[in-house]
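# Structural characterization, general
Residue strings, one per chain:
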Amino acid sequence: MLPILALSTSSAFGGLITKQWYHGSWDCNIDGRPAKMVWQVVNDPQTSCHGDICSTTSGVKTIGWFSDNGAPWVRLGINPGTNGNRLKIRYMGQEPDNWYLDFVSHNTTAVGKTTWRGKQYPLSCWNRH
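Quick summary incoming for the structure in this document. Remember, it's a predicted structure, so these values are computed and weren't measured experimentally.

Looking now at the nonpolar core. If you look at the biggest cluster of nonpolar residues, it comprises 20 residues, and the most contacted ones within it are Trp-26, Met-37, Phe-66 and Leu-101. Contributions of two or more residues to this core are made by strand E1 (24-30), strand E2 (33-43), strand E6 (74-78), strand E7 (86-91), strand E8 (97-104) and strand E10 (119-128).

Spelled out as structure tokens, the structure:
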């Protein structure tokens, strides 16, 4: 179980970020294998100091996790350029790489590609409500 799953998009964060289509829990298929993906909104405070005086501002961010065929969960990030129906993903495992998913609104699924050692593999996901 992911420690991050204990956090939620509670009302404390609700007004600070707009819910995106990829938020939540997903069942996936990565090159024929079952997988799971989770995207959540979490607290993201920022502290800056000038000498002995520090200040902290509050904020939120979206983070993700991915488990391929029951393997340990690996952190995911969101790459710049994500907008609309395209989610640009940064896989942050031992061999970081860039993935993407395109949201298919008529059946609430997402399809895209993963990359590993320069080769692309199909990725499809459906939201678990």
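Read on, since the account is not over.
Turning to the sheet that holds E7, a few remarks are in order. Overall, antiparallel pairing links the eight strands, which are arranged E1-E2-E5-E6-E7-E8-E9-E10 in a closed barrel. Neighbouring strand axes in the sheet, compared pairwise and without regard to direction, differ in orientation by 30° on average. Where strand E9 (residues 109-116) lies against E10, eight bridges are found, and the strand directions are antiparallel. When the bridges of E10 are listed, Val-111 appears paired with Ser-124.

A few words now on the environment of Asp-97. Mapped onto the elements, Asp-97 comes out in strand E8. Taking C-alpha positions, Asp-97 is 6.9 Å from Trp-116, a pair spaced 19 residues apart along the chain. Those residues in contact with Asp-97 that sit more than four places away from it in its chain are Ile-89, Arg-90, Tyr-91, Thr-115, Trp-116 and Arg-117.

What is meant by a disulfide is a covalent connection between two cysteines, made through their sulfur atoms. Counted according to the given criterion, the structure contains two disulfides. In this model Cys-28 forms its disulfide with Cys-125; the gap between the sulfur atoms is 2.2 Å. Taking the sign of the S-S torsion, about 105° here, the bridge from Cys-28 to Cys-125 comes out right-handed. Here Cys-28 is found in strand E1, whereas its partner Cys-125 is found in strand E10, with 97 residues between them in sequence. Overall, the relative accessible area of 3% leaves Cys-28 in the buried class. Residue class for Cys-125 comes out buried when judged on its relative accessible area of 1%. In the protein, the cysteines engaged in disulfides, taken in order along the sequence, are linked 1-4, 2-3.

Before going further, it helps to examine the environment of Trp-73. Counting through the fold element by element, Trp-73 comes out in the loop between strand E5 (60-68) and E6. Among the residues examined, Trp-73 registers a relative accessible area of 27% and is labelled partly exposed. Put simply, Trp-73 and Val-38 are 35 residues apart on the chain and 9.7 Å apart in space, counted from C-alpha to C-alpha.

According to the stated counting rule, one finds six aromatic pairs in the structure shown. Arranged with centres 5.9 Å apart and planes meeting at 85°, the rings of Trp-21 and Trp-26 form a pair that is edge-to-face. The residues Trp-21 and Trp-26 share a single accessibility class, namely buried. Judged by centre distance (4.9 Å) and plane angle (25°), the ring pair of Trp-21 and Phe-103 falls under stacked. Of this pair, Trp-21 sits in the loop between helix H1 (11-14) and E1 while Phe-103 sits in strand E8; the two residues are 82 residues apart in sequence, bridging distant segments of the chain. On the basis of relative accessible area, Trp-21 is assigned to the buried category, the value being 16%. When its relative accessible area of 19% is taken as the criterion, Phe-103 is described as buried.

Thresholds applied
Residues numbered from 1 in each chain as written. Predicted model: local features only at pLDDT ≥ 70, side-chain atom pairs only at ≥ 80, totals over all residues. Heavy atoms only, no water. Core = buried A, V, L, I, M, F, W, Y, C linked by side-chain atoms within 4.5 Å. Buried < 20%, exposed > 50% of the residue type's maximum accessible area, 1.4 Å probe, protein only. Helix = DSSP H or I, 4+ residues; strand = E, 2+ residues; numbered from the N terminus. Pairing = 2+ DSSP bridges. Axes fitted to C-alpha atoms, helices over the stretch in contact; angles between N-to-C directions. Contact = heavy atoms within 4.5 Å. Disulfide = S-S within 2.5 Å. Phe/Tyr/Trp six-rings, centres within 6.5 Å; stacked < 30°, edge-to-face > 60°.

Worth remembering: the numbers are spatial, not functional.
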